[in-house]
Each structure stands twice: as structure tokens, then as C-alpha cells.
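Structure at a glance
Below are the chains, spelled out letter by letter.
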Amino acid sequence: MFWHVFRYKIVCMLRDRLTLFWTFLFPILLSVLFYLAFNNITAEEAFQKLPVAVVGGSDAAGLRTVMDETELFTVTEATAAQAEELLARGEVTGVLTAGDPPVLTLSGEGIDQTILSSFLDAYEQTRATLGRIARENPQALADGVLQALDTGRYIESVPPGNGADVSVVLFYTLLAMTCLLGGTLSCADVANVQANQSARAARQAASPAHKMKLYLGMALATFAVHFASVLLVFLFISQVLGVAFGAHIGYILLLCFVSCFASVTLGAMVGALTKRSENVKVAFLVAFTLVCCFFAGMMSPDIKYLVQYHAPVLSYINPANLVSDGFYALYFYTSFDRYFVNLSILAGFGVVFGLVAYLILRRQRYASV
Amino acid sequence: MVVKIENLVKRYGKLIALDHLNLQIREGEIFGLLGPNGSGKTTAINCMLSLLQYDKGSVQIFGKEMAPTAYDLKREIGIVMQNVAVFDELTVRQNVDYFCGLYVTDRNRRRGLVKQAIQFVGLEEYEKFLPKKLSGGLLRRLNIACGIAHRPRLIILDEPTVAVDPQSRNSILEGIRQLGREGATVIYTSHYMEEVEQLCTRIAILDQGRVIAEGTKEELKSMISVGEKIVVEAFGVSESALEALRALPGVAAVEYCDEKLTVRSERGGSNLTRVAAFITEQGIGYGRIYSELPTLNDVFLEITGKALRD
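Rules of the game
Residues numbered from 1 in each chain as written. Chains lettered and ligands numbered in written order. Predicted model: local features only at pLDDT ≥ 70, side-chain atom pairs only at ≥ 80, totals over all residues. Heavy atoms only, no water. Helix = DSSP H or I, 4+ residues; strand = E, 2+ residues; numbered from the N terminus. Areas by Shrake-Rupley, 256 points an atom, 1.4 Å probe, with all protein chains shown as cover. Lys, Arg positive; Asp, Glu negative; His and termini not counted. Charge placed at Lys NZ, Arg CZ, Asp CG, Glu CD. Pairing = 2+ DSSP bridges. Axes fitted to C-alpha atoms, helices over the stretch in contact; angles between N-to-C directions. Parallel < 35°, antiparallel > 145°, perpendicular 65-115°, else oblique. Left-handed = near helix turned anticlockwise from the far one by under 90°. Contact = heavy atoms within 4.5 Å. Nonpolar A, V, L, I, M, F, W, Y, C, P; charged D, E, K, R; others polar. Expected span 1.5 Å × (residues − 1). Buried < 20%, exposed > 50% of the residue type's maximum accessible area, 1.4 Å probe, protein only. Arc of directions from axis to C-beta. Salt bridge = Lys/Arg side-chain N within 4 Å of Asp/Glu carboxyl O. Core = buried A, V, L, I, M, F, W, Y, C linked by side-chain atoms within 4.5 Å. Phe/Tyr/Trp six-rings, centres within 6.5 Å; stacked < 30°, edge-to-face > 60°. pLDDT = per-residue confidence, 0-100. Polar contact = N/O pair within 3.5 Å; in protein donor to acceptor, adjacent residues only side chain to side chain.

Moving on, we come to the overall build of chain B. When you go through chain B residue by residue, the secondary structure sums to 11 helices and 14 strands. Its C-alpha atoms put chain B at 75 × 45 × 35 Å along the principal axes. When the accessible surface of chain B is totalled, it reaches about 13800 Å², and 47% of it is carbon and sulfur. Both charge centroids of chain B, one from 39 positive and one from 40 negative side chains, sit 8 Å from each other.

Written as C-alpha cells, this is what we have:
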């Protein structure tokens, strides 16, 4: 009977367009919107090379080489007149004229001008140091002092582990939302075995099917479909949108699995706790999920950090935060401690929710049908 | 005894839905529970099925106490709810198979039962249809198929013909008769007295949670003082003529309203010939003249002072 119920529940879910939309399509659409919105922001924040005019012909060859190595500048070789015109038109940030020392002419004030000025200072300092070494201890040059000299790196590619792109938090929270929305599905399963909720439930309650067996058949089917939807959304976000989740795929799947379990049992508990209609319960679960996701940083990652800083307890009892932080910990930390803390709390929640639902449903009888 | 209900009391706050209800239903009967809306028919059914907690009394089915965990008893019962109780996402066949599967785990046996149930309600052509594609009458038939597919010994039908077209209603009623002929005990609740009269071998009339009369339809009709009712479409009947009619032997009451003369006879009496002769003698112009035997509504009216459909 268990598999009979399981099989038909799967058929029902896959034929229910509304379920398919909210479970599969909605998170994917939302992730695309996130991608379009935050991809532009990231692109705008990316470093753009500074246009600089260099005057001096062959005298400026050394300076030009160093400038190319820094990857900070787009260099245009020009005569003094041309450079002056480019500067006047605002097409270059500054003009470097080769000489001893080189002369810098800037278009105004700002970060770009400061970068160019700092570069010239560092260049001059290094050039003076090397000149002094060459004069006072030429042997040192032969001994490889140039290799030991820190010529400076100006652009750094930041590896995972240093909080580079915070927008990934938004996608982690979106996946957490997908996980938690499973509660709305399992809430309907509970309504299906409560005789006071619908004629269909009453008919099933009047049958010789054991209530818990009936419920578990439905709940397992709901879990299976929900878990499949979470995996699909994960694959879409990671493979199509290219959001980084790190290489620990096994741990990611385990976190998805435990999150789905916690959300399904949460839905069952809410379904069993109140006698309100199924629509009211679903509305409550959707609102609860969205509030949790808000505090987990779905609208802005800053909220997640604020909660962690000012009310750390909240971040440990917020299931959405536990899920998104689990993904975060897997990607940004080399240690698994934080991941396992999140996973354990989620699993604990799942067990408690499930137990509460079981205890209520087990002996539930109705004063009115 | 298939069903034995003793002193069943069910309260909703201050409202008493079932007031010391007593019922005994014998094997093979088509038992009618007749009563107006709110008389306690559905509450009685829900208590019988252990879907509802009741305050007092006992329900025995097939000689055993009914309880939510009495799975062996539940296996023998088929229920057809007042509201259509099927899955919108499953086809006709899948719905019948699903509900039958809650009772019968053997797939091969179930396959045959599902086929028979679909044939029984005449939905063979609609096997692959989703419920939303079915008309109201066909949906009701599907609802019945879901309730009887597992071949229960006791079938409870709670107002199965509400909002059904006449053709489907006849089909449903004939199906229920067939179930009775095949040996099932049927409990049929309705507020349509004509259906209950046609169908049921024994009837209990419920009002305000109590059985106010019980027996075969003949027994019930014999409980009341009035007999046949003669209706004449008559024109210009004078007050003196009405008085003379009232004085005729065996006449219990006379009314004249909207050019319709109604003469009620005393129980067991027949006045049709006498009334026809009187009208001719008096020179009263008339159109149709016909007689009606007392109905269950008359029984209900006499016992409670109100009509069944009030």
C-alpha cells in the first residue's frame, strides 16, 4: 500500500501545473533575474585599465615596459602635442613624459589619477634604488638582486576563501528558499490524511489504510519530487549561470538532502499543528520562508552579516540561513567545521519537526468534519 | 445485524446534532436515512465511520465495536461522500485504482475490480479522462465507483444524487438497486423522499438528530391519519359546496386555493368516485381530476408539523 500511495502521489505532483511552476520553474526564473541584476553590478565594479599617454619615444621604452607589466594601463605613445590634446579631450587619465625624473601631467583628481601617481612614485623609487645599487655594488646585480626586488603586484586575482564576490550569497539563499518551499508541499500531504480537511481526506481516513503509512507514502513522494527540484535548480544555477559552489559536490548534495528533509517535516508539523484550512497553512509557510530568506541575505548579503554580528542566535535558528551558510562555508572556508554545525542543526530541526508532526497526527480525531 | 447504533449523542457546542440516536440495520437491506438538511444524517454517517468523535453511545458494525483503528471492519465498508472526493490529477481509471488500492493490495485482483466498477457506473468510455473533463453526473458516478470498487459488504452513500441530472440520477439509483441485489447492505441518506421511497426497503426519518419514525414505506404511511389526496382543477367552487364536501363520509379535510380543490381522505378510505359524482351533481366546472397516495413528506409533515424541504 505504501508504494501504491507513493506512486500515485508522484503522478499527481507531476501533473499539477501549479506545483511544477512553484517547485521547478519559479526558482529558476528568480535565479535568472538575480543573475541579470547582479551580473551587471559585478561588471560595473570590475577594474578597467587606465588610459595613459606616454611621451618620449625610445627614451620611454623602459617606462613603457614596466607599465605593460603592471596590467594597470592602456598605453598610447604620442608626441607632446598629441598627448596634450588627448588629455584635454579627457581620453587619457594622464600624460607621462620620459626623462630624469619622468614628468606626470594629470587630467584632474580622483582614484584613477591617484593610481597613476602612486605607480610613478613606486617606479621612481625602484629606479633610484637600482641606480644606487649599480653604482655602489654592481656585483649585487650579477648575484640576482633584481629577482629579490619586489617590483610590486597591482592587480590580484582573489582566490576562494577571501570573500571576493558576495553576490553568491544571494544565489545560496535562493537555493535555500527552494529547499524550504518544500514545506508547502508536505503541508498538503498532512491535509490529505486529516478527515476534517476535505471529502477526499475523509474518504481516505475511512479506508483501512493506516494513517501514518498513508502519510509516509505521500511524504516520501513529496520529498523525492522536491529533492529533484532542488537538484535541478542547483544544476541550473551552478552549470548554466556559472555561480561558484566549490568542488565539494558530495557535501553540497548532502546539505540539499538534509534541507529538503527539514522543510518537508516543517510543513508536516505546521499542517498538523493547526486546524486552519490548507491555504492558510501554505500562506504561512511561504511567508515564513520569505522572512527567513530575507534575514539570510536574499535581498542583501549585508543583512546576513548584520544578523550574524548583532544577533548570532537568530542565524542559528533560521533554517534558510543554515542552508545558505552551509553552501557559503563549503565554498569560502577550507575547514568543514562551520558546514557541519549548520548541517547538524538542520538535521536536528528536521527530527524535532517530524516528531512533533508524528505525535499530533498519530492519535488525531475530529470534533467536526 | 450489520449496523447497531445505540444512544449516540453528538454535540457541536450547545447544538445537539445527534440526540440519543438508535438504529439497527439488517444484512441485505437498502436502508434509507431521510431527513431535511441539518437533521443529522451526515453526522450519523461520520460517527458510524469513526471519522468523528461522539460524546456518548456506541456504534457496532458486523457485531464489532467501530473505532478509527478497526481496519478489518473498514475493509468491509465502502463510502460514497456527499462531495465528490477524487484526485483532479488522476484519470478516471487511476482514481478508481487508487482508492481500491487502499483496500486491495493484490494488483491482479484489483485490476479486475477496477474494470468491473468502471463498467458498473458506465464510465468505460471515459477511463482516460481527467475529472475536470467530466460532467457533474459523470463525476458523481466516478465518486460512486471509487467507493464500491473493492466490493464492500456495507455501502454508505451520503446524498449521492445531489446536483445530478435526471439521466445520471436514474443510472445511479439503478446501480444502487443492483448492489442490493448482489447482496450488499446499503445505507442511503437523502433529503429527496421520492428517491428513498423508490429505493429503500426500510427507512428511518431523522429530525433534529433523532429518529422520529422508522419502518417500511408502507408502515410509515400507515402511521398517519390521512390517506389519499384528491386534486381537482375546479372553477368557482362556492363556500356552501365546500361545506357539503367536508360533510361527505371519509373526507378528512378540504381546501380550495388558486382554482385547485384538494380533498384529503381519512386513512384507508378512497373518495375519488364520491368526489367526482359530487362535482358533477353540483354542476361545478372542472378540468383535470387525479388522486395521490400519501407520501413520506405527508408523514414528515404530520409528525413534525413542517415539510421535508422547509
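Continuing now.
Once that is clear, we can look at the sheet that holds strand β12 (residues 251–257) of chain B. Residue and element names in this part refer to chain B. Spatially, four strands are ordered β12-β13-β11-β14 in an open sheet, and the strand pairing comes out antiparallel. Each edge of the open sheet is held by one strand with a lone partner, namely β12 and β14 (285–292). In this sheet, neighbouring strand axes are inclined to one another by 15° on average, regardless of whether the strands run parallel or antiparallel. Inspection of the sheet shows β12 paired to strand β13 (residues 260–266) by six bridges, in the antiparallel sense. Residue valine 254 lies in a different strand from β13, and its bridge partner there is valine 263.

This part takes up the packing of helix α11 (residues 211–240) of chain A against helix α12 (residues 249–273) of chain A. All names here are of chain A. Across the interface, α11 lies against α12 with an axial gap of 10 Å and an inter-helix angle of 140°. Between α11 and α12, the interaxial angle falls into the category oblique. Like other packed secondary-structure pairs, α11 and α12 cross with a definite hand, here right-handed. Facing Tyr215, Ala219, Phe223, His226, Phe227, Val230, Leu231 and Phe234 of α11, the residues of α12 in contact are Ile249, Ile252, Leu253, Cys256, Phe257, Cys260, Phe261, Ser263, Val264 and Ala268. Across the contact of α11 with α12, the residue classes break down as 16 nonpolar, two polar and no charged.

The subject of this paragraph is helix α13 (residues 278–295) of chain A. All names here are of chain A. When the terminal C-alpha atoms of α13 are compared, their 26 Å separation across 18 residues agrees well with the 26 Å that a helix rising 1.5 Å per residue should span. Those residues of α13 not exposed but buried are Lys281, Leu285, Thr289, Cys292 and Cys293. Taken down its axis, α13 places every buried residue within 105° of arc, on the same side.

Turning our attention to the pattern of salt bridges. Side-chain pairs of opposite charge can arise whenever the charged atoms involved come near each other. Taken as a whole and judged by the stated rule, the model has 25 salt bridges over all chains. Salt-bridge contacts for A:Asp68 lead to A:Arg64; the nearest nitrogen and oxygen are separated by 3.6 Å. Of this pair, A:Asp68 and A:Arg64 are both found in helix α3 (residues 61–70), four residues apart, which corresponds to roughly one turn of the helix. A salt bridge links A:Asp325 to A:Arg338; the nearest nitrogen and oxygen atoms lie 2.5 Å apart. Of this pair, A:Asp325 sits in helix α16 (residues 319–332) while A:Arg338 is found in helix α17 (residues 337–362), placing the two residues 13 residues apart along the sequence. A relative accessible area of 3% places A:Asp325 in the buried class. Residues participating in the shared-partner salt-bridge network are B:Arg26, B:Glu29, B:Arg202 and B:Glu214.

Another point: the nonpolar core. Counting residues in hydrophobic clusters, the biggest one holds 109 residues, and the most contacted among them are B:Ile61 and B:Tyr98. Top contributing element to this core by residue count: helix α5 (residues 136–148) of chain B, with six residues. Among all residues touching B:Tyr98, those that are not within four sequence positions of it are A:His4, A:Val5, A:Tyr8, A:Gln204, A:Leu214, A:Met218, B:Phe87 and B:Leu90. Judged by nonpolar contacts, the second largest core, of 48 residues, contains A:Met177, A:Leu241, A:Ala262 and A:Met298.

Once that is clear, we can look at the packing of aromatic side chains. The relative placement of two aromatic rings is captured by the distance of their centres and the angle of their planes. All names here are of chain A. Going through the model one piece at a time under the given rule, you end up with 31 aromatic pairs over all chains. For the pair phenylalanine 294 and phenylalanine 295, a centre-to-centre distance of 5.2 Å together with 80° between the ring planes defines the contact as edge-to-face. Note on phenylalanine 294: relative accessible area 34%, which makes it partly exposed. Overall, phenylalanine 295 belongs to the partly exposed group, its relative accessible area being 36%. On the numbers, 5.0 Å between centres and 75° between planes, the contact of tyrosine 339 with phenylalanine 340 is edge-to-face. For tyrosine 339, a relative accessible area of 0% translates into the label buried.

All names here are of chain B. Non-glycine residue arginine 151 carries a positive phi angle of around 60°. Position of arginine 151 relative to the elements: it lies in the loop between α5 and β7 (154–158). Despite not being glycine, glutamate 159 shows a phi value in the positive range, around 45°.

This part takes up the confidence of the model for chain A. Residue and element names in this part refer to chain A. Averaged over chain A, the pLDDT score is 85; the fraction of residues at 70 or greater is 90%. Of all secondary-structure elements in chain A, the lowest mean pLDDT belongs to helix α7 (residues 145–148), at 64, while helix α1 (residues 2–15) reaches the highest, 95. Ignoring residues within four places in sequence, the model shows residues 158–164, a span with pLDDT below 50, making six contacts including any to other chains.

Whether parallel or antiparallel, the strands of a sheet pair through hydrogen bonds between backbone atoms. Residue and element names in this part refer to chain B. The strand order across the open sheet built from six strands is β6-β7-β8-β3-β9-β10, with neighbouring strands paired in mixed fashion. Edge positions in the sheet fall to β6 (77–80) and β10 (210–215), since each of these pairs with one other strand and no more. The sheet shows a mean angle of 15° between the axes of neighbouring strands, direction not considered. By the bridge criterion, four bridges tie β6 to β7 in an arrangement that is parallel. Paired with glycine 78 across the two strands is isoleucine 155, which belongs to β7. Against the sheet, α5 touches β6 and β7, its axis set at about 165° to β6. Seen against the sheet, helix α11 (residues 296–304) touches β3 (30–34), β9 (202–207) and β10 and runs at an angle of roughly 40° to β9.

Let us now look at the interface of chain B and chain A. With 38 residues of chain B at the interface, the matching set in chain A holds 30 residues. Inspection of the chain B/chain A interface yields one salt bridge. For B:Asp97, the salt bridge is made with A:Arg7, and the minimal N-O distance between the two is 3.9 Å. Counting the contacts that link chain B with chain A gives 12 residue pairs in polar contact (both at pLDDT 80 or more). Counting residues per element, the side of chain B that touches chain A draws most heavily on helix α3 (residues 92–101) of chain B, at five residues. Residue composition of the side of chain B that touches chain A, grouped by class: 20 nonpolar, 10 polar and eight charged.

What follows is about the packing of helix α8 (residues 167–180) of chain A against α16(A). Residues and elements named next belong to chain A. Running from N to C, α8 and α16 cross one another at 135°; their axes reach a closest spacing of 8 Å. Taken together, the axes of α8 and α16 are oblique relative to one another. Considering only the axes of α8 and α16, their crossing is right-handed. Between α8, through Val168, Val169, Tyr172, Thr173, Leu175, Ala176, Cys179 and Leu180, and α16, the contact on the second element is made entirely by Pro319, Ala320, Val323, Ser324, Phe327, Tyr328, Tyr331 and Phe332.

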